[in-house]
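Understanding the architecture of this molecule
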Amino acid sequence: MNRKGHLFIASAPSGAGKTTLCNAILKELPDLEYSISYTTRSPRKGEREGVDYHFISEDVFRKKIESNDWAEWAEVHGNFYGTSAEFLKKTLNGGKDVLLDIDIQGAKKLRAGYPDATLIFIMPPSFEILEKRLAQRGTDSAESIARRLIDAKREIKEATSYDVIIPNGDLSVAIAELKEVIEKIRTTQ
Ligand code: 5GP
């Protein structure tokens, strides 16, 4: 029987550098397929439709809940985010490994359906640095930053339920660590 793809699920508090890390790892491991999520949040400056996210309205999002289109979905920092069930099924059945950048609620839901999935938590060096990074990013309103910091405290507490924790102080060290984790798991699948 053909090998099915493996799920690598990365979660982190907002501002922990997860997107940068995921983009770097996708360059290093081009056979890894990225799951482009759907969201009702507005695009940030520089974000592209169909690359960073599929940006959809709340109405369309809710219709997709009714028609069971989501492998998982969650409300995060006041917006809706979802993973396409069809994309996941097709890609995994095609034998390709998938990288997802989703929150802890989504990671838990997917783990229930895919018990072999690897859950990777990207840990910021400190809460103060997280705060600084969010402010320096300059892409979120003060209100959104405040909400993301409150959520971060709760998210960090959940890190212990993850399979792997990768500290993201030095980006190149974190990339190397993440690559090692993924490659090691791939050899055992
Ligand atoms: P951001 O708005 O900063 O791009 O993402 C906010 C949070 O939503 C992040 O924790 C990100 O991982 C999460 N997220 C992105 N896509 C999905 C998804 O499809 N499902 C879930 N559950 N969370 C997602």
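Here's what I pulled together on the structure shown here. Every value quoted in this text rests on a predicted model; they were computed, and no experiment measured them. (Residues numbered from 1 in each chain as written. Predicted model: local features only at pLDDT ≥ 70, side-chain atom pairs only at ≥ 80, totals over all residues. Heavy atoms only, no water.)

For the structure on display, the rule yields 18 salt bridges. A salt bridge links lysine 18 to aspartate 101; its shortest N-O distance comes to 2.6 Å. Remark: aspartate 101 occurs in strand E7 (residues 98–101) and lysine 18 occurs in helix H1 (residues 18–28); sequence separation between them is 83 residues. In this structure, lysine 18 and aspartate 101 share a single accessibility class: buried. Across the pair lysine 96 and glutamate 33 runs a salt bridge whose closest N-O atoms are separated by 2.9 Å. Of this pair, lysine 96 sits in the loop between helix H3 (85–93) and E7 while glutamate 33 sits in strand E2 (residues 33–34), and the two are 63 residues apart along the sequence. Here lysine 96 falls in the partly exposed class, since its relative accessible area comes to 36%. You can call glutamate 33 partly exposed: its relative accessible area is 25%. (Salt bridge = Lys/Arg side-chain N within 4 Å of Asp/Glu carboxyl O. Helix = DSSP H or I, 4+ residues; strand = E, 2+ residues; numbered from the N terminus. Buried < 20%, exposed > 50% of the residue type's maximum accessible area, 1.4 Å probe, protein only.)

With that out of the way, let us pick up the nonpolar core. Residues Ile25, Leu32, Ile120 and Ile166 are the most contacted members of the largest nonpolar core, which totals 26 residues. For this core, the secondary structure elements donating two or more residues are strand E1 (7–11), H1, strand E8 (118–123), helix H5 (127–137), helix H6 (142–157), strand E9 (164–167) and helix H7 (171–188). Ranked by residues supplied to this core, first place goes to H7 with 6 residues. Contact partners of isoleucine 120, with chain neighbours within four places excluded, come to Phe8, Ile9, Ala10, Ser11, Tyr162, Val164, Ile166, Leu178 and Val181. Judged by nonpolar contacts, the second largest core, of 16 residues, contains Leu92, Ala107, Ala117 and Ala159. (Core = buried A, V, L, I, M, F, W, Y, C linked by side-chain atoms within 4.5 Å. Contact = heavy atoms within 4.5 Å.)

Turning to the site of the ligand, a few remarks are in order. In the region of the ligand, 18 residues are neighbours, and Lys18, Ser37, Arg41, Tyr53 and Tyr81 sit closest. Interatomic distance of 2.6 Å between a side-chain N/O atom of arginine 41 and an oxygen atom of the ligand. Within the contact set of the ligand, a nitrogen atom lies 2.7 Å away from a side-chain nitrogen or oxygen of aspartate 103. Within the complex, the protein chains bury 95% of what would otherwise be the 510 Å² of accessible surface of the ligand. Among the cavities detected, the one that contains the ligand is the largest pocket. Among the secondary structure elements, those contributing two or more residues to the shell around the ligand are strand E5 (70–76) and strand E6 (79–84). Per-class residue counts for the shell around the ligand are 6 nonpolar, 5 polar and 7 charged. (Near = heavy atom within 4 Å. Polar contact = N/O pair within 3.5 Å; in protein donor to acceptor, adjacent residues only side chain to side chain. Areas by Shrake-Rupley, 256 points an atom, 1.4 Å probe, with all protein chains shown as cover. 1 Å grid on protein atoms, 1.4 Å probe; cavity = no way out; pocket = protein on both sides within 12 Å on 5 of 7 lines; lining within 4 Å. Sits in = over half its atoms within 2 Å of the grid points. Nonpolar A, V, L, I, M, F, W, Y, C, P; charged D, E, K, R; others polar.)

We now examine the side chain of threonine 91. Note on placement: threonine 91 falls in helix H3. Within the local environment of threonine 91, its side chain forms a polar contact with the backbone oxygen of phenylalanine 87, the two atoms lying 2.6 Å apart.

Moving on: the sheet that holds E8. Here we have 5 strands laid out as an open sheet, ordered E2-E7-E1-E8-E9, and parallel in their pairing. For this open sheet the edge positions go to E2 and E9, each flanked by a neighbour on one side alone. For E1 and E7, the ladder comprises 4 bridges, and the chain directions are parallel. Looking at E7, one finds that phenylalanine 8 is bridged to leucine 99. (Pairing = 2+ DSSP bridges.)

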